[in-house]
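Fold and contact review
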Amino acid sequence: MTDREDIDMLAAEYVLGTLDPDMRRIVDERRTNEDDLNAAIADWEKRLSPLNAHYRDEMPSRDLFPAIRARIEGARIERSRVQADNIVEIDLLKRKLARWRIGTFATGALAASLMVAVLVSDFAAPVSDRQFVAVFHRDDTQPAFVMSIDLETRAVIIRPVSATLPEGKTYQLWIASDQLGPAPKSLGLLESASAPTTRSLGEFDPALLRDATFGISLEPEGGSPTGRPTGPAIHGRLIPVEH
């Protein structure tokens, strides 16, 4: 990874709010002396600022925390009855709901790209060593998709944000890595442009997934006829979700 990529990744984590307090203070000090870092932070803030209009501040109700604990306990019971890929999806969705109710969306400009980061609940053990997120930008303003992955179970959830699907088309997910050869490998079609798609990547090594590039391309119905991306594609790389 180049120095420019390092700066852009650090700026993204700063704007998304995934840095710990000590690291955030360090970045605050660095940006006053490093024009490249300050410009990268400003660029990320500009990309996400249009999302402010979609959310408003919300005060938590008095019974919020008991309700959150009850939901978490229910999720733990449910996790003992379902397979690992379903466990991850239920747990992440419930944690996302809890953080949203507390008021995470008061920082509305970050909401779409924080979609997965906020899934790390204060009531669970730290998972920053296995939870990752990739943001797929269609342009310089809003992300089209957000993908979350648990590297321990290799369970993947792809959530549409601003994606729309032209008639007669479908979205297809790809992975590219030097270990897989020169051509991207298809991970299947996305089920919908308006609802999450789940995948299990159990056949891949976690280290490969961590360093791979992921892509989502627009293809004819039924998927790419050539086994390679044929339509416009957007790409993303995994960044860790810190507790």
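In the block above lies the structure referred to throughout.
From a predicted model like this one, the values you see are computed outputs, not experimental measurements.

Digging into the side chain of serine 162
- Along the chain, the position of serine 162 falls in the loop between β3 (155-160) and β4 (169-176).
- A polar side-chain atom of serine 162 sits 2.7 Å from the main-chain carbonyl oxygen of proline 143.
- Beyond its immediate chain neighbours, meaning those up to four positions away, serine 162 contacts Arg138, Gln142, Pro143 and Ala144.

Some words on the sheet that holds β4
- Taken together, the 4 strands give an open sheet; going across it, the order is β5-β4-β7-β8, and neighbouring strands pair in antiparallel fashion. Looking at the sheet topology across the chains shown, the edges are occupied by β5 (185-189) and β8 (233-237). Going across the sheet, the axis of each strand differs from the next one's by a mean of 25°, ignoring polarity.
- Here β4 runs beside strand β7 (residues 213-220); their pairing, made up of 8 bridges, is antiparallel. Of the residues in β7, the one forming a bridge with tryptophan 174 is glycine 215.

A closer look at the nonpolar core
- Counting 27 residues, the largest nonpolar core has Phe145, Met147, Leu209, Phe214 and Ile216 as its most contacted members.
- Going through the elements one at a time, β1 (131-137), β2 (143-150), β3, β4, α6 (206-211) and β7 are the ones with two or more residues in this core.
- Here this core takes 4 residues from β2, the largest share from any one element.

Describing helix α1 (residues 3-16)
- Taking 1.5 Å per residue, 14 residues should reach 20 Å; α1 reaches 20 Å between its end C-alpha atoms and fits that length.
- Those residues of α1 that sit buried are Ile7, Leu10, Ala11, Ala12, Glu13, Tyr14, Val15 and Leu16.
- Buried positions along α1 lie against α2 (21-31), α3 (35-48) and β9 (239-240).
- The first or second residue beyond α1 is glycine 17, which carries a positive phi of 80°.

Considering the sheet that holds β9
- Strand order in the open sheet formed by 5 strands is β6-β3-β2-β1-β9, with antiparallel pairing between adjacent strands. This sheet does not close on itself; its edge strands, each paired only once, are β6 (197-200) and β9.
- Pairing of β1 with β2 involves 7 bridges; the strand directions are antiparallel. When the bridges of β2 are listed, alanine 134 appears paired with methionine 147.

Quick word on the environment of glycine 168
- Considering the arrangement of structural elements, one finds glycine 168 in the loop between β3 and β4.
- Of the residues examined, glycine 168 reaches a relative accessible area of 34% and is grouped as partly exposed.
- Each C-alpha atom, one on glycine 168 and one on proline 220, is 6.3 Å from the other, the two residues being 52 residues apart in sequence.
- Excluding its chain neighbours within four sequence positions, the residues that come into contact with glycine 168 are Glu219, Pro220 and Glu221.

Topic: the pattern of salt bridges
- Overall, the coordinates contain 6 salt bridges when judged by the stated rule.
- Between glutamate 191 and arginine 199 there is a salt bridge, with the nearest N and O atoms lying 3.9 Å from each other.
- What you see here is one network of salt bridges that share partners, running through Arg130, Asp150 and Glu152.

With respect to the packing of α2 against α3
- Relative to each other, α2 and α3 sit at 115°, their axes nearing to 8 Å. On the basis of the axis angle, α2 is roughly perpendicular to α3. The segment α2 lies against α3, with Val27, Arg30 and Arg31 engaging Leu37, Asn38 and Ile41.
- Taken together, the residues of the contact of α2 with α3 break down into 3 nonpolar, 1 polar and 2 charged.

Thresholds, definitions, all that
Residues numbered from 1 in each chain as written. Predicted model: local features only at pLDDT ≥ 70, side-chain atom pairs only at ≥ 80, totals over all residues. Heavy atoms only, no water. Helix = DSSP H or I, 4+ residues; strand = E, 2+ residues; numbered from the N terminus. Polar contact = N/O pair within 3.5 Å; in protein donor to acceptor, adjacent residues only side chain to side chain. Contact = heavy atoms within 4.5 Å. Pairing = 2+ DSSP bridges. Axes fitted to C-alpha atoms, helices over the stretch in contact; angles between N-to-C directions. Core = buried A, V, L, I, M, F, W, Y, C linked by side-chain atoms within 4.5 Å. Buried < 20%, exposed > 50% of the residue type's maximum accessible area, 1.4 Å probe, protein only. Expected span 1.5 Å × (residues − 1). Salt bridge = Lys/Arg side-chain N within 4 Å of Asp/Glu carboxyl O. Parallel < 35°, antiparallel > 145°, perpendicular 65-115°, else oblique. Nonpolar A, V, L, I, M, F, W, Y, C, P; charged D, E, K, R; others polar.

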